[in-house]
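Breakdown of the fold
Chain by chain, the residues run as shown.
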Amino acid sequence: MYSLKFTEEQERICQMVKDFSLNEVAPGSKERDINGDFLATRDLLKKMGKLGLMGIPYDKKYGGAGLGYLEYALAGFELNKVDASLGISYSVHISLGTGPIYNFGNEEQKQKYLPKLCSGEHIAAFGLTEPCAGSDASASQCTAVKKGNKYILNGTKCFTTNGEFADVIVVFAMTNPELGTKGISAFIVEPKNFPGIKFIKREAKMGIRASVQNVIEMENLEVPAENLLGQEGKGFKIAMATLDCGRIGVAAHAVGIAKGAYEYALNYAKERVQFGKPISKLQVIAFKLADMYNKIESAQAVTLKAAWSKDEHLPYSIPAAVAKLTATNTAMEVTTEAVQVLGGTGFTMDHPVERMMRDAKITQIYEGTNEIQKLVISGAILR
Ligand code: CAA
């Protein structure tokens with residue numbers, strides 16, 4: 001199994017992200033949530049680029065940090081303790097937007113796009129979901145028709161995180177609708193440079209309010225043929241393999257949210273006096289804290305296992321699904337209990353646990369609902 005003794009480099013990353021989170025991210029997180037200030041989140045992503053975090057698992061040859069998913073997960077734990085909106089924007093940039101270009105791009109595409117994505121100069125997004133293709137990702141109605149040296153894309157994408165400020169969006173569309181999953185292809189789209197793309201809606205949400213999710217309309221969007229990612233018809237497999245990586249990122253995101261809520265509730269319980277003593281001395285509260293700690297330890301272990309499996313080039317599809325399922329349920333349970341520990345005051349915006357509880361809900365839904373994770377896991381164990 002993997003070692004839980006981290007290297008000096010891993011300890012350094014944790015400390016750096018912790019310092020950045022406390023000094024630069026935590027101070028405005030409440031206001032960014034209230035105002036839905038996703039542009040401030042984008043600016044924080046740019047700052048993370050300067051720290052070398054925007055290409056953390058990618059090769060130095062392309063401007064990355066030359067590290068792996070373990071370091072990416074450790075960074076995610078720290079960042080998400082204080083701001084899940086920034087956390088998901090970061091995860092989408094790394095795993096879903098940049099990942100497919102790194103893993104499936106040809107050398108020319110990698111040289112062209114990765115350095116600016118890894119430095120944070122450019123931000124990435126992922127266009128898979130459509131109004132009629134959510135959990136059933138294969139039901140895509142977006143089309144891509146080759147005309148000369150271009151593909152012409154038409155259709156609607158939704159819930160695209162980072163969409164309207166992204167410089168690069170990996171978009172999936174049907175090049176041959178008769179072939180089902182084998183008719184889907186992937187494209188590298190530059191929304192600011194290619195004509196025919198519009199951001200027609202910004203979702204209003206209960207959580208991760210300082211991140212942006214857009215509805216995107218493509219009307220005769222012109223994509224140069226050289227921006228086909230991989231081969232025609234391989235798009236569905238690219239999407240699935242990319243989501244395997246994304247699910248490790250979401251697991252780290254969820255562990256971080258849970259840790260943030262647990263640490264806040266722990267400190268509160270040591271200070272809040274009722275019945276003549278700190279409430280942490282009441283067994284009912286102490287046991288709640290023990291349960292929260294236990295769940296986080298388990299979620300962290302399976303998340304690190306998934307990250308380690310990926311870094312070691314072992315199969316990681318099932319570990320990623322297990323990590324996503326475990327960690328996101330943990331985030332929901334732990335944040336709910338954190339609000340309970342704080343009582344009435346936990347329900348107010350005077351404390352961050354209500355925001356953490358709102359943020360936790362979506363982790364059970366995006367990048368494959370937890371029901372889809374069970375489908376993936378059951379499919380593997382019953383095969
Ligand atoms: N890696 C590589 N290939 C894979 C794969 C994987 N993990 N999983 C499946 N495939 C391949 C299969 O081998 C199969 O290939 P062959 O035809 O050659 O055998 C092909 O893909 C089709 O596989 P399935 O028949 O299993 O496909 P399916 O249509 O039954 O779908 C599913 C499977 C697991 C339900 C899939 O549709 C899925 O993961 N759905 C959830 C989608 C999702 O996570 N969406 C989130 C979007 S991103 C987001 O949330 C927004 C954001 O910004 C945060």
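Reference entry: report on the structure contained in this document. Note that the structure is a prediction, hence the values are computed from the model and not measured. (Residues numbered from 1 in each chain as written. Predicted model: local features only at pLDDT ≥ 70, side-chain atom pairs only at ≥ 80, totals over all residues. Heavy atoms only, no water.)

Further remarks concern the overall build of the chain. Per the secondary structure count, the chain includes 11 helices and 10 strands. The C-alpha atoms of the chain give a radius of gyration of 21 Å, which matches the 21 Å a tight globule of 383 residues would have. Considering only C-alpha atoms, the chain reaches an extent of 80 × 45 × 40 Å along its principal axes. For the chain, with 383 residues in total, the buried portion stands at 56%. (Helix = DSSP H or I, 4+ residues; strand = E, 2+ residues; numbered from the N terminus. Rg over C-alpha atoms; globule rule 2.2 N^0.38 Å. Buried < 20%, exposed > 50% of the residue type's maximum accessible area, 1.4 Å probe, protein only.)

Looking now at the site of the ligand. Around the ligand sit 24 residues in total, of which Ser135, Lys182, Lys237, Asp244 and Glu367 are the nearest. Lysine 182 is positioned such that a nitrogen or oxygen atom in its side chain is 2.5 Å from an oxygen atom of the ligand. In isolation the ligand has 1,100 Å² of accessible area, and contact with the protein removes 69% of it. (Near = heavy atom within 4 Å. Polar contact = N/O pair within 3.5 Å; in protein donor to acceptor, adjacent residues only side chain to side chain. Areas by Shrake-Rupley, 256 points an atom, 1.4 Å probe, with all protein chains shown as cover.)

Working note: a packed helix pair is described by the angle between its axes plus the distance between those axes. Contact pair helix 4 (residues 69–82) / helix 5 (residues 84–104): the axes reach a minimum separation of 7 Å and the direction vectors enclose 160°. Regarding the angle of helix 4 to helix 5, the classification is roughly antiparallel. Residues Tyr69, Tyr72, Leu79, Asn80 and Val82 of helix 4 form the contact with helix 5, whose own contacting residues are Ala84, Leu86, Gly87, Ile88, Tyr90, Ser91, Ile94 and Ser95. Tallied by class, the residues present in the contact of helix 4 with helix 5 amount to 9 nonpolar, 4 polar and no charged. (Axes fitted to C-alpha atoms, helices over the stretch in contact; angles between N-to-C directions. Parallel < 35°, antiparallel > 145°, perpendicular 65-115°, else oblique. Contact = heavy atoms within 4.5 Å. Nonpolar A, V, L, I, M, F, W, Y, C, P; charged D, E, K, R; others polar.)

Below, the discussion takes up the packing of aromatic side chains. Applying the stated rule across the entire model yields 8 aromatic pairs. Between the aromatic rings of tyrosine 58 and tyrosine 102, the centroid separation amounts to 4.5 Å while the plane-to-plane angle is 40°, which identifies the pairing as tilted. You can see tyrosine 58 sitting in the loop between helix 3 (38–50) and helix 4 and its partner tyrosine 102 sitting in helix 5, a full 44 residues away along the chain. With 5.2 Å between their ring centres and 70° between their planes, phenylalanine 126 and phenylalanine 172 make a pair best called edge-to-face. Of this pair, phenylalanine 126 sits in strand 1 (residues 124–127) while phenylalanine 172 is found in strand 4 (residues 168–174), placing the two residues 46 residues apart along the sequence. Both residues of the pair, phenylalanine 126 and phenylalanine 172, belong to the buried class. Chaining the aromatic ring pairs together yields one cluster made of Tyr58, Tyr62 and Tyr102. A cation over an aromatic ring shows up here: lysine 110 above the ring of tyrosine 102, its NZ or CZ 5.6 Å from the ring centre. The ring of tyrosine 69 has lysine 310 lying over it, and the distance from NZ or CZ to the ring centre is 5.1 Å. (Phe/Tyr/Trp six-rings, centres within 6.5 Å; stacked < 30°, edge-to-face > 60°. Lys NZ or Arg CZ within 6 Å of the ring centre and 35° of its normal.)

This part takes up the side chain of asparagine 370. Within the secondary structure, asparagine 370 sits in helix 11 (residues 370–381). Reaching out from asparagine 370, the side chain makes a polar contact with the side chain of threonine 328 at a distance of 2.8 Å. Here asparagine 370 is in contact with Lys324, Leu325, Thr328, Asn329, Thr363 and Gln364, once residues within four sequence places are set aside.

A few words on the environment of asparagine 80. With respect to the helices and strands, asparagine 80 occurs in helix 4. Here the alpha-carbon distance between asparagine 80 and alanine 323, two residues 243 residues apart in the chain, equals 16 Å. Those residues within four positions of asparagine 80 in sequence are excluded, and the remaining contacts are Gly87, Ile88, Ala252, His253, Gly256 and Ile257.

Once that is clear, we can look at the nonpolar core. Ranked by internal contacts, the top residues of the largest apolar core, which has 114 residues, are Met48, Tyr90, Leu153, Phe172 and Phe187. The element best represented in this core is helix 7 (residues 235–271), accounting for 18 residues. With residues near it in sequence (within four places) discarded, phenylalanine 187 still touches Ala144, Tyr151, Leu153, Ile169, Val170, Val171, Ala173, Thr175, Val223, Asn227, Leu228 and Leu229. (Core = buried A, V, L, I, M, F, W, Y, C linked by side-chain atoms within 4.5 Å.)

With that settled, consider the pattern of salt bridges. Opposite charge on two side chains allows them to pair when their charged atoms are near. The final tally for this structure, using the stated rule, is 18 salt bridges. In this structure, arginine 42 and aspartate 43 form a salt bridge, with 3.2 Å as the shortest nitrogen-oxygen distance. Using a relative accessible area of 26% as the deciding quantity, one classes arginine 42 as partly exposed. Glutamate 337 serves as the salt-bridge partner of lysine 288, at 3.1 Å between the closest nitrogen and oxygen. Taken together, the residues lysine 288 in helix 8 (residues 283–311) and glutamate 337 in helix 9 (residues 317–342) connect sequence positions 49 residues apart. Here the salt bridges share partners, and the residues they tie into one network are Asp33, Glu354 and Arg358. (Salt bridge = Lys/Arg side-chain N within 4 Å of Asp/Glu carboxyl O.)

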